[in-house]
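# Inside the fold
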Amino acid sequence: MLWGSNAREAHPIFFHHLLKGLDNGARMYCVDPRRTSSAKFADAWLGLNVGTDIALANAVARHIISNDLHNKAFIEHATSGFDAFAEVVDAYTLDRAAEITGVPGSAIAELAEAYATAETAQILWTLGITEHHNAVDNVVSLCNLALLTGHVGRWGSGLVPLRGQNNVQGGGDMGALPDKLPGFQDITDPDARARFEAVWGFPVPPKPGLHLTLMFEAMKTKDLRAIYCIGENPADSEADVEHARALLRDLDLLVVQDIFLTRTAELADVVFPASVAWAEADGTVTSSERRVQRVRAAVPPPGEARDDIEIIGELARRMGVDWGNPTARELWDELRSLSPLHRGMTYERLESEGGLQWPCPDENHPGSPFLHGWLWADDLEGRDPAPFSVVEHAGPAEELTDEFPLRLTTGRALDSYNTGVQSGSIDSPIRYGNTIDLATTDAARLGIEDGETVRVVSPRGSVEMPVRVLDDLPDGLTFTTFHFPELVDVNVLTNDAWDKRSGTAEFKAASIRVEKLAEPSIDSDTTTSEPGSG
């Protein structure tokens, strides 16, 4: 089940592995508002309305339960809260789900039966699930399906969130989260803090910090006045981006450490040119499957660029603390001494075994192919059962109106990457993404032709961009990428409503209108900060 993921374009290397599975006889069901290039490889495409994932997941669960296809033995052994969950999903009949999602009841039933009766099955998702105001609820609605069927923690079955970069997982593992120490140890745990304090020689604050969205909230209230931004480009990537840029400009101090002079770096008081981690630095990265692997410098950093470790260490030295000049290996060994998940991963083992998957608690441990394999242990390895989560459908935070009748969703294109910093300067014969995709019916109704430049307006602002008319795009749905902010500042349009548990903004669901231009604009600036009047 490829759910909310256009992996062929967003994760092309992974998608090649998926295609091998299809060649070997696997079936694929694609759940996505658009009939993406990935969906065209699927046995069935379920084109749901944007923001109705929970209604669909709950209906799948109800159909599995009502047809006695759930794994009763696994549920009894390894889970809790089934009765309350079953009671809530009972209201999500096929007819009701079809009305909410736009997916025919027969297609929902087919998906439910195929998933429940498969010998092995996986649910794979990306930002189509998480970039919503109810992101966490979306994710746990999919986790419920795995618990319902036992498709988790064993070979060939599992839950697979596809990471957008090669070391996103590693960043979280190393403590780049506001409430965690390295190894996902809670910062509120006094015993965990004491272990780190003993090694670091300084007290660790017991109060969780702020995630990115709350940082911008704190900038707004002027409680946060200085930012040290490493490898992030929020001046292009944040929703309601004009507001974000204004907050960044208002800071007392903005320091940016990056490999290119991004738009965020252009706003900075100080810029540290950094090395490219995968080509110019030594260390480790961690993949989506928790596999830690070694990386080695192939070339030295150009010009005055320096390794991130060197920059951060020198900054500490200027602030009165001398850490010496630790190597990547020395830092990794310190991490191993503090993180039980990584304790057994020596550099020698990472080299000789081609990487290891955490948890790996000692040097004789082989690593853990299945994170949730404990669910099948007789005693659950002493853990509490996995809970079902009761979640209800809630549509997009921003409803469609007569003034803004079209739904805008965003995503990636095959040859481009994020805000275009790393890919925008490279020519590509297959490049697209600076257009807004319109359904043939909507284009005809608006009197708009393919290639025509239009004004796109949301409650937050407007941009001018060319149109790409598509026959297979559902009525009322529009799509664009965020790869070309210098050409089309798409995040002027996007909605900054955000999930209170994950901090993720609702990039996937803005309401817009599309207007014909009376005549071509002579102003090279295609963006305005207030909605146009039509």
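Keep in mind the model is a prediction, meaning the values are calculated, not measured. (Residues numbered from 1 in each chain as written. Predicted model: local features only at pLDDT ≥ 70, side-chain atom pairs only at ≥ 80, totals over all residues. Heavy atoms only, no water.)

### Quick word on the packing of aromatic side chains
Taken as a whole and assessed by the stated rule, the structure comprises eight aromatic pairs. Arranged with centres 4.7 Å apart and planes meeting at 40°, the rings of Phe74 and Trp376 form a pair that is tilted. Within this pair, whereas Phe74 is found in helix α4 (residues 72-78), its partner Trp376 is found in the loop between β14 (356-357) and β15 (386-387), the two being separated by 302 residues in sequence. Among the residues examined, Trp376 registers a relative accessible area of 36% and is labelled partly exposed. On the basis of an interplanar angle of 45° and a centroid distance of 5.8 Å, the ring pair of Phe184 and Trp358 is categorised as tilted. (Phe/Tyr/Trp six-rings, centres within 6.5 Å; stacked < 30°, edge-to-face > 60°. Helix = DSSP H or I, 4+ residues; strand = E, 2+ residues; numbered from the N terminus. Buried < 20%, exposed > 50% of the residue type's maximum accessible area, 1.4 Å probe, protein only.)

### Here we look at the domain arrangement of the protein
According to the domain assignment, the protein consists of domain 1 (2-156 + 382-387), domain 2 (168-357) and domain 3 (406-516). Placing a centre on the C-alpha atoms of domain 1 and another on those of domain 3 gives a separation of 27 Å. Residue-level contacts link 20 residues of domain 1 with 20 residues of domain 3. On the domain 1 side of the contact with domain 3, Glu9, Arg34 and Glu131 bury the most area, a combined 35% of that side's loss. Where domain 1 packs against domain 3, one counts three salt bridges. Taking the shortest distance from any N to any O, the salt bridge between Lys40 and Asp472 comes out at 3.3 Å. Applying the counting criterion to the domain 1 and domain 3 interface returns five residue pairs in polar contact (both at pLDDT 80 or more). (Domains from an automatic or database assignment. Contact = heavy atoms within 4.5 Å. Buried area = accessible area lost by both parts, 1.4 Å probe. Salt bridge = Lys/Arg side-chain N within 4 Å of Asp/Glu carboxyl O. Polar contact = N/O pair within 3.5 Å; in protein donor to acceptor, adjacent residues only side chain to side chain.)

### Focus: the pattern of salt bridges
Scanning all chains against the criterion turns up 32 salt bridges. One salt bridge connects Asp186 with Lys180, and the closest N-O pair in it is separated by 2.3 Å. Classification of Asp186 as partly exposed rests on a relative accessible area of 35%. A salt bridge links Asp437 to Arg468, with the nearest nitrogen and oxygen atoms 2.9 Å apart. One end of the pair, Asp437, is in strand β17 (residues 436-439); the other, Arg468, is in strand β19 (residues 461-470), and 31 residues separate them in sequence. With a relative accessible area of 26%, Arg468 lands in the partly exposed category. A single network of salt bridges, built from pairs that share partners, joins Glu403, Arg455, Glu464, Arg513 and Glu515.

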